[in-house]
Amino acid sequence: MSEYMPNFTDARVIKKCRHALGFVMGVMPTESSGGKAWSTRYIDKYLGQSQTPLSKYLRKTLLICVNDRYSKDTGKCKQYTRSDAGISEIKHRLGLTHTPKKLANPDYMGKQDRDIVTEFVIRAHKKEIDTGDFAYKQSHHRLFNDIQNVKSCYRQSIMAEQGYTWDYDIATCAPVLLLQLSRQCGNDLWLPYMDDYINNTQSVRNTISHDFEIDTKTAKTLINSLFCGARIGMSNEFATSSMLDQDVSKIMLAKQHDVIQGLKAEIKIMWSYIIDSGAWVSRSRNLDNGRLRPVSCRDRWMVYFQLESMVIKACRDYLANKSIRHLLEHDGFRCDHDIDVSDLSSYVFNNTGYMVTFKGGLVE
């Protein structure tokens, strides 16, 4: 039996393939950036049920499964990247390129790619975008909508074109909220490194970026990981190792760096008050020796996500009360109207007890 090949002159096939292209280019990571876990149900939503010939062809052509291990019990999903060669092949079949060979630069966001991704996003989320009534699923205290999965390089311009021209987020959200929680739990100690980071965020990130020869985005991620107990050392198990390029000299520097070590010491103090309060972290004991098990990074992130959720709920209520269309994005939101950030900060404080500041504005 010959291998199935779609009829690329059929309007229905063309429409389905363009939709699949938009999804894969807009959401899936490139081959060079590594895989990401996606559920079969999520992929089915945009590529169709895998048992149909066209959907099976699209999966085989456009996706690469880089880790096929999954578990129904734990919710672990297979990991995928997009296939750059497959994208080029489908484009060629649709008459969008002259050659089926691999893309010259798969990370380049050309107008054609952008148009296809835009077409996909509008088709999949038109009603939500028009009304501002986005449907969210809650997981680990965070709200998720599929449009959040669209890469930011596409999502920002697409949403702006649909009227969501203002973008706001909470400044240094995790450090600010966790420090305030620690204060509520009785911590009245002076923490100069944390205060400096909160008040001079960009300067501290620039210092880390310069000293460790990493970009500022990685510097931000590295610092934030410390607030939830990330360890520094030469181990593939430590997320910080990859942030420091698995470079022994950088890792050794981190173990002596004034800012890194100053933050780590103060973060340890901050968490000791939160954990000892007994209100935010449940600790079990080791059955063999009766000792309390250590608090994991995941446990700490869950505490932060609870705080973030409280603040974002207040933001959502504020925007809804003013009939402002908005898309939540974890510690921020996009909306169709400018915001009085001082008024919003006051509203959040009055409704949660946490003082935060917002940065952002009109998308350029």
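Residues numbered from 1 in each chain as written. Predicted model: local features only at pLDDT ≥ 70, side-chain atom pairs only at ≥ 80, totals over all residues. Heavy atoms only, no water.

Participant: Please clarify how the overall build of the protein should be interpreted in this entry.
Facilitator: Looking only at helices and strands, the protein has 15 helices and nine strands in total. Projecting the C-alpha coordinates of the protein onto the three principal axes gives extents of approximately 70 × 50 × 45 Å. Out of the 364 residues in the protein, the part that is buried amounts to 43%. Considering only contacts within the protein whose residues lie at least 6 apart along the sequence, 63% involve residues at least 24 apart. For the protein, the accessible surface area stands at approximately 19,700 Å², while carbon and sulfur atoms represent 49% of it. Charged side chains in the protein number 49 positive and 42 negative. The centres of these two groups are separated by 7 Å. (Helix = DSSP H or I, 4+ residues; strand = E, 2+ residues; numbered from the N terminus. Buried < 20%, exposed > 50% of the residue type's maximum accessible area, 1.4 Å probe, protein only. Contact = heavy atoms within 4.5 Å. Areas by Shrake-Rupley, 256 points an atom, 1.4 Å probe, with all protein chains shown as cover. Lys, Arg positive; Asp, Glu negative; His and termini not counted. Charge placed at Lys NZ, Arg CZ, Asp CG, Glu CD.)

Participant: Help me understand the packing of aromatic side chains in this model?
Facilitator: Note on aromatic pairs: each is described by the distance of the centres and the angle between the planes. Following the criterion strictly, the structure yields 16 aromatic pairs and no others. Among the aromatic side chains, those forming a connected cluster through ring pairs are Phe23, Trp38, Tyr42, Tyr46 and Phe120. A cation over an aromatic ring shows up here: Arg300 above the ring of Trp271, its NZ or CZ 5.2 Å from the ring centre. (Phe/Tyr/Trp six-rings, centres within 6.5 Å; stacked < 30°, edge-to-face > 60°. Lys NZ or Arg CZ within 6 Å of the ring centre and 35° of its normal.)

Participant: How should I be thinking about the packing of helix α1 (residues 11–27) against helix α2 (residues 40–47) in this particular structure?
Facilitator: When two helices pack together, their arrangement is given by the angle between the helix axes and the distance between those axes. Two elements in contact, α1 and α2, have axes separated by 9 Å at closest approach and are oriented at 135 degrees. Comparing the axis directions of α1 and α2 gives the class oblique. Of α2, the residues touching α1 (which contributes Lys16, His19, Ala20, Phe23 and Val27) are Tyr42, Tyr46 and Leu47. The class makeup of the residues in the contact of α1 with α2 is six nonpolar, one polar and one charged. (Axes fitted to C-alpha atoms, helices over the stretch in contact; angles between N-to-C directions. Parallel < 35°, antiparallel > 145°, perpendicular 65-115°, else oblique. Nonpolar A, V, L, I, M, F, W, Y, C, P; charged D, E, K, R; others polar.)

Participant: Just checking my understanding: could you explain the layout of surface pockets for this structure?
Facilitator: Gaps left between atoms are located by rolling a probe of water-molecule size over the structure's atoms. Approximately 460 Å³ is the volume found for the second largest pocket. Together, 19 residues line the second largest pocket, and Gly229, Lys268, Trp271, Val295 and Arg300 are the ones closest to its centre. Counting only elements with at least two residues in the lining of the second largest pocket, the list comes to α13 (258–276) and α14 (297–321). The element contributing the most residues to the lining of the second largest pocket is α13, with eight residues. Class assignment for the residues of the lining of the second largest pocket results in 10 nonpolar, three polar and six charged. (1 Å grid on protein atoms, 1.4 Å probe; cavity = no way out; pocket = protein on both sides within 12 Å on 5 of 7 lines; lining within 4 Å. Points joined across faces, edges and corners; volume = space filled by probe spheres on them.)

Participant: What's the story with the sheet that holds strand β8 (residues 332–335) in this structure? I'm lost.
Facilitator: Hydrogen bonds along the backbone pair up the strands of a sheet, which may run parallel or antiparallel. One open sheet holds the four strands; their spatial order is β7-β8-β6-β9, and the pairing between them is antiparallel. Edge positions in the sheet fall to β7 (326–328) and β9 (358–362), since each has one partner strand and no second. With direction set aside, neighbouring strand axes in the sheet form an average angle of 15 degrees. Relative to β8, strand β6 (residues 166–170) runs antiparallel, the two being bridged by four bridges. (Pairing = 2+ DSSP bridges.)

Participant: Sorry, what's going on with a nonpolar patch on the surface here?
Facilitator: On the surface, a cluster of nonpolar side chains totalling about 290 Å² of accessible area is made up of Met234, Val248 and Met252. By the secondary structure assignment, Val248 is in helix α12 (residues 248–254). (Patch = residues over 30% accessible without salt bridge, like charges linked within 9 Å, V, L, I, M, F, W, Y side chains within 5 Å. Salt bridge = Lys/Arg side-chain N within 4 Å of Asp/Glu carboxyl O.)

Participant: What exactly am I supposed to notice about helix α9 (residues 201–212) here?
Facilitator: Side chains that are three or four residues apart share a direction in an α-helix, a result of its 3.6 residues per turn. Its 12 residues give α9 an end-to-end C-alpha distance of 17 Å, which sits within 8% of 16 Å, the value for a rise of 1.5 Å per residue. Within the sequence span of α9, burial applies to Thr201, Val204, Arg205, Ile208, Ser209 and Phe212. Down the axis of α9, the smallest arc covering the buried residues is 140 degrees, so these residues share one side. On its buried face, α9 is in contact with α8 (192–199), α10 (216–226), α12 and α13. At the exit of α9 stands Glu213, carrying a positive phi of roughly 55 degrees. (Expected span 1.5 Å × (residues − 1). Arc of directions from axis to C-beta.)

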